[in-house]
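Structure at a glance
Now for the letters of each chain:
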Amino acid sequence: MEVTCLLLLALIPFHCRGQGVYAPAQAQIAHAGQACVVKEDNISERVYTIREGDTLMLQCLVTGHPRPQVRWTKTAGSASDKFQETSVFNETLRIERIARTQGGRYYCKAENGVGVPAIKSIRVDVQYLDEPVLTVHQTVSDVRGNFYQEKTVFLRCTVNSNPPARFIWKRGSDTLSHSQDNGVDIYEPLYTQGETKVLKLKNLRPQDYASYTCQVSVRNVCGIPDKAITFRLTNTTAPPALKLSVNETLVVNPGENVTVQCLLTGGDPLPQLQWSHGPGPLPLGALAQGGTLSIPSVQARDSGYYNCTATNNVGNPAKKTVNLLVRSMKNATFQITPDVIKESENIQLGQDLKLSCHVDAVPQEKVTYQWFKNGKPARMSKRLLVTRNDPELPAVTSSLELIDLHFSDYGTYLCMASFPGAPVPDLSVEVNISSETVPPTISVPKGRAVVTVREGSPAELQCEVRGKPRPPVLWSRVDKEAALLPSGLLLEETPDGKLRLERVSRDMSGTYRCQTARYNGFNVRPREAQVQLNVQFPPEVEPSSQDVRQALGRPVLLRCSLLRGSPQRIASAVWRFKGQLLPPPPVVPAAAEAPDHAELRLDAVTRDSSGSYECSVSNDVGSATCLFQVSAKAYSPEFYFDTPNPTRSHKLSKNYSYVLQWTQREPDAVDPVLNYRLSVRQLNQHNAMVKAIPVRRVEKGQLLEYILTDLRVPHSYEIRLTPYTTFGAGDMASRIIHYTEPINSPNLSDNTCHFEDEKICGYTQDLTDNFDWTRQNALTQNPKRSPNTGPPTDISGTPEGYYMFIETSRPRELGDRARLVSPLYNASAKFYCVSFFYHMYGKHIGSLNLLVRSRNKGALDTHAWSLSGNKGNVWQQAHVPISPSGPFQIIFEGVRGSGYLGDIAIDDVTLKKGECPRKQMDPNKVVVMPGSGAFRQSSPQLWGPVAVFLLALQR
């Protein structure tokens, strides 16, 4: 239950800021820590290294107003099934058990309709190490005219990995290298897939017969352990050899049980045997045990090639293939070919005539044909010839040629195909030759040239064939090149000339061709006809739904437009208001000729005319509806999420206040906003505190601000904000605000950062730079670090003291930048002084810059101080005055110079109110660094004569 309470919530007076705050989207990609780091890669925002099988988490952090929407995509693939088409706020991209194929560049696109979208990318590098594969190859060569033979062995180790693997070869437990053993050579072959290393044993010696181990490593990247494979080389090591128990071509009858044995004749180690079938898997019921393959009750569909493969990783695999042919016959067809020489298409007495017969058989060449005339075997003569394998016809076809056709040759001819001695049924086909045997014609029945049906209904396309005999009809599409028929075929045969389509769709519309086949009829030029199929479907309209806002008293025009449909016209349009039928609007003469839209005009928007309007458009096939929601209510407010440090705490009362900011979406679209209704409810509580906030005229892009007080630490609250106009309540917007510990203004004590703690005083690495600052001391320095650059210790001179520095060695390049960003400070004074020590030693030193980031209106970086070049092996101090206009951050930016001798360091950063000291010490006389020692300077006033005395002692 919501309770209205105007006094329980203390509300600070309302403020308006007149400048527009609409800003284009900006984006940054953040990841949940570095999953794993390849040391020399120096991971930055653009590279995320992860182990295969781990969980990938990327977050797109956005700024901009209105709040941008985010979408993740990936180059050459999908970011994720969940994220391919999803646009959500601040969405975290999460991929469970990432695979190597999911590596690549990922993009987050943020857009809010202001300016151009912001696009950021990050490369995801998936690390993996597969099990290595070891194969052995042997060669024997004659030396010096067959006096003796040399035997050379190649052990080839291959592995797939990322990053590239390192190989270590061992004989027993001893590591091998060609520099220590002249009989060993280790090299990487050319043109190999994956990472490969070859161990060559030259002129094999007795000690070379041993166990060899190939160990592969990615140097523990991502915690991936090393992997290894071992092979025992003996004087009997040999590649596999096979033989078959049957011929390579095996012809059987259907229903027989088939057993094939694959016998090993050689190989050490003992080879492994495997059976496979092509195409497709082994038949159902087939049993492969070792080298024996059994197929019970074999059928015609079981024909194919069966492969027996033996492998033992020595030499090449041995392979034997059996071509299994199961006797079968199907598809008996005939052809009538008139006299070819005279180019005739009809049967005429005195001319030649050829009858052809063909069946599809396995094996095709074993089929025999026999011809009969009127039930009796056809007798060969000078005018009656039987030929086989006619070059003009399919292979293994029988032809009966009648020379100089006589009347007595008329009759019924039968062609019978058979497998002699096999239990396969014969196939036969007959053809009648008479004066009535004529070539075909094809046509479309009257009224069937154009077939019109509704989408989802069945359709029948028909072509009539006349002639004797009547050949089958072949259907194809005409208007779409290489388009498939609804059955999925390019060409479909119908015996009766009718193409039947079930549940037609609009993409089936078009022209279809019917033509006579050249088999089971005359072998002449095909006859053709065409049928047009028109598929009608209901209209599609826009807008399907539209929110129409207008000020009271202003006119509104509602339009429902026809996008597509068949027929492409509006037969009728009906308007309804709140479900009640409206009288038809007047018809515009121009629109009546080709109606492609329907309109309704409201002379004035009133409270009574506000509501839901429907326009139902019909094209006599179906209807579609445009929905309009007409009102004069205000759009929802747009909360401003980029408020700098919105939380302000009050330690005495254990309360906090929150700066709530927003803009009004399209304030000029309706009547002016008079006030806002603010509702504040603590999460997990039922009561809400409500307040009305009066406003003056609100402009587009104007930032409105209200300070909520007396919020209890550390609770979160739901905020609801509703605009009110003369029409009444507008659209409500809601958000959750959370308590965050605010950053207090710098004070005069305990505000120097020595970087001794891992939290580095709240400083953070900028996500938009090229690389990061590193925290280290003399004890954690890399012993192999570049000499003649960087400090030996921090400013204190103790090995335990930490400092921040940039490492400019590989893979850093000229101009690369690293940024270290301070916490956000509230500006409580006009002037501040930033003091810090810097160390810039090395011949390739680039630049050190100090920037101030103002967060008053978004983020604006300004240069406050800069220094470039080699300044010697000394710590020096700088004092930089700044005068921020609002909440601010300071940024230390290190820029890489021309080479790797360019490490830059900082230490003891101090931020104080007030102006900087007017007189600064000569930096060359501040701190001298003999060897690894150093002096620490607390403030310039402490030095003077003491420093001069110490310098004299050092000399």
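Everything quoted here is computed from the prediction, not taken from an experiment.

1. With respect to the overall build of the chain
Assigned secondary structure in the chain consists of two helices and 70 strands. Within the chain, residue pairs in contact and separated by at least 24 positions form 70% of the contacts whose partners lie at least 6 positions apart. With an accessible surface of roughly 49,200 Å², the chain has 50% of that area assigned to carbon and sulfur atoms.

2. Here we look at the sheet that holds strand E61 (residues 764-765)
Pairing in this open sheet of five strands is antiparallel, and the strands run E61-E64-E69-E66-E67 from one edge to the other. Of all strands in the sheet, those bounded by a partner on one side alone are E61 and strand E67 (860-868). Pairing analysis gives eight bridges linking strand E66 (residues 847-854) to E67, with the strands arranged antiparallel. Bridged to Leu-851 within E67 is His-863.

3. Digging into the state of the cysteines
Taken as a whole and judged by the stated rule, the model has eight disulfides. The disulfide partner of Cys-262 is Cys-308, and the gap between their sulfur atoms is 2.1 Å. In this structure, the disulfide formed by Cys-262 and Cys-308 twists by about -95° around the S-S bond and is classed as left-handed. With Cys-262 in strand E20 (residues 258-268) and Cys-308 in strand E24 (residues 304-311), the pair connects residues that are 46 residues apart, well separated along the chain.

4. Remarks on a nonpolar patch on the surface
A cluster of nonpolar side chains, contributed by Met-380, Leu-385 and Val-386, occupies part of the molecular surface with about 240 Å² of accessible area. As for its position among the elements, Leu-385 is in strand E30 (residues 384-388). Residue Leu-385 is classed as partly exposed on the basis of its relative accessible area of 33%.

5. A closer look at the sheet that holds strand E4 (residues 56-65)
Read across the open sheet, the three strands follow the order E2-E4-E6; overall the sheet is antiparallel. Two strands close off the open sheet at either side, each with one partner strand: strand E2 (23-31) and strand E6 (92-95). Ignoring which end each strand starts from, the neighbouring axes of this sheet average 15° apart.

6. Brief notes about the pairing of strand E3 (residues 47-51)
Of all five residues in E3, four are buried; the element is thus mostly enclosed. Pairing of E3 with strand E8 (residues 118-129), which is carried by five bridges, proceeds in the parallel orientation. For Val-47, the partnering residue across the bridge sits in E8 and is Arg-123.

7. So, the packing of aromatic side chains
Geometrically, a pair of aromatic rings is defined through the distance of the ring centres and the angle of the planes. Applying the stated criterion across every chain yields a total of 13 aromatic pairs. For the pair Tyr-803 and Phe-805, a centre-to-centre distance of 6.2 Å together with 65° between the ring planes defines the contact as edge-to-face. When sorted by exposure, Tyr-803 lands in the same class as Phe-805, which is buried. One aromatic cluster is present, built from ring pairs that chain together Phe-836, Tyr-838, Trp-865 and Phe-892. One cation-aromatic arrangement involves Arg-100 over Tyr-128; the distance from NZ or CZ to the ring centre is 3.7 Å. For Arg-735, the ring lying beneath its charged end belongs to Phe-639, and the centroid distance is 5.8 Å.

8. Section: the side chain of Asn-162
Within the secondary structure, Asn-162 sits in strand E11 (residues 161-162). Judged by relative accessible area, Asn-162 falls into the buried class, the value being 19%. Within the local environment of Asn-162, its side chain forms a polar contact with the side chain of Asp-125, the two groups lying 2.8 Å apart. If sequence neighbours within four positions are ignored, Asn-162 has contacts with Asp-125, Val-126, Gln-127 and Tyr-128.

9. What about the environment of Asn-112?
Positionally, Asn-112 belongs in the loop between strand E7 (104-111) and E8. The exposure class of Asn-112 is buried, given its relative accessible area of 14%. Residues Asn-112 and Pro-24, 88 residues apart in the sequence, show an inter-C-alpha distance of 6.7 Å. Setting aside residues up to four positions removed in sequence, Asn-112 forms contacts with Ala-23, Pro-24, Ala-25, Gly-64, His-65, Pro-66, Arg-67 and Pro-68. Separated by 2.9 Å, the side chain of Asn-112 and the backbone oxygen of Ala-23 make a polar contact. There is a polar contact of 3.1 Å between the side chain of Asn-112 and the backbone nitrogen of Val-114.

10. Brief notes about the nonpolar core
Of all hydrophobic cores here, the largest spans 32 residues; its most connected members are Phe-836 and Phe-892. Among the elements of the structure, strand E63 (803-806), strand E64 (817-821), strand E65 (832-840), E66, E67, strand E68 (876-882), strand E69 (888-895) and strand E70 (904-913) are those that each provide at least two residues to this core. With five residues, the single largest contributor to this core is E65. Those residues in contact with Phe-892 that lie beyond four places of it in its chain are Tyr-763, Trp-773, Ala-818, Arg-819, Leu-820, Phe-836, Asn-849, Leu-850, Ile-906 and Val-909.

11. Points about the environment of Ser-561
Mapped onto the secondary structure, Ser-561 falls in strand E45 (residues 556-566). Residue class for Ser-561 comes out buried when judged on its relative accessible area of 19%. Separated by 19 residues in sequence, Ser-561 and Glu-542 place their C-alpha atoms 5.5 Å apart.

12. Describing the environment of Val-574
As for its placement among the helices and strands, Val-574 is situated in strand E46 (residues 572-577). C-alpha of Val-574 to C-alpha of Val-617: the two residues are 43 residues apart in sequence and 6.7 Å apart in space. Apart from residues no more than four positions distant in its own chain, Val-574 is found in contact with Leu-581, Glu-614, Cys-615 and Ser-616.

13. Things to note about the confidence of the model for the chain
Residues with a pLDDT of 70 or more make up 86% of the chain, whose mean pLDDT is 85. Within the model, pLDDT remains below 50 along residues 38-45, and this stretch shows 21 contacts once partners closer than five positions in the same chain are excluded. Confidence drops under a pLDDT of 50 for residues 81-89, and excluding neighbours within four residues, the segment shows 18 contacts in the predicted structure.

14. Quick word on the pattern of salt bridges
Summed over the entire model, instances satisfying the criterion amount to 33 salt bridges. Note that Glu-718 is salt-bridged to Arg-681, the shortest N-O span being 3.0 Å. With a gap of 37 residues between them, Glu-718 in strand E57 (residues 717-725) and Arg-681 in strand E54 (residues 675-682) connect regions that are remote in the sequence. Among the residues examined, Glu-718 registers a relative accessible area of 13% and is labelled buried.

15. Topic: unusual backbone geometry
In terms of backbone geometry, most residues other than glycine have negative phi values and most peptide bonds are trans. Looking along the chain, the bond that leaves His-65 and enters Pro-66 is cis, with omega of 0°. Positionally, Pro-66 belongs in the loop between E4 and strand E5 (69-74). A cis amide bond links Arg-810 to the next residue, Pro-811, at an omega of 15°. Of note, Pro-811 is situated in the loop between E63 and E64. In this structure, Val-396 is a non-glycine residue whose phi angle is positive, near 55°. With respect to the helices, strands and loops of the structure, Val-396 is situated in the loop between E30 and strand E31 (398-402). In this model, Asp-908 sits at a positive phi of 50°, which is unusual for a non-glycine residue. Mapped onto the secondary structure, Asp-908 falls in strand E70.

So, how was this worked out
- Residues numbered from 1 in each chain as written.
- Predicted model: local features only at pLDDT ≥ 70, side-chain atom pairs only at ≥ 80, totals over all residues.
- Heavy atoms only, no water.
- Helix = DSSP H or I, 4+ residues; strand = E, 2+ residues; numbered from the N terminus.
- Contact = heavy atoms within 4.5 Å.
- Areas by Shrake-Rupley, 256 points an atom, 1.4 Å probe, with all protein chains shown as cover.
- Pairing = 2+ DSSP bridges.
- Disulfide = S-S within 2.5 Å.
- Patch = residues over 30% accessible without salt bridge, like charges linked within 9 Å, V, L, I, M, F, W, Y side chains within 5 Å.
- Salt bridge = Lys/Arg side-chain N within 4 Å of Asp/Glu carboxyl O.
- Buried < 20%, exposed > 50% of the residue type's maximum accessible area, 1.4 Å probe, protein only.
- Axes fitted to C-alpha atoms, helices over the stretch in contact; angles between N-to-C directions.
- Phe/Tyr/Trp six-rings, centres within 6.5 Å; stacked < 30°, edge-to-face > 60°.
- Lys NZ or Arg CZ within 6 Å of the ring centre and 35° of its normal.
- Polar contact = N/O pair within 3.5 Å; in protein donor to acceptor, adjacent residues only side chain to side chain.
- Core = buried A, V, L, I, M, F, W, Y, C linked by side-chain atoms within 4.5 Å.
- pLDDT = per-residue confidence, 0-100.

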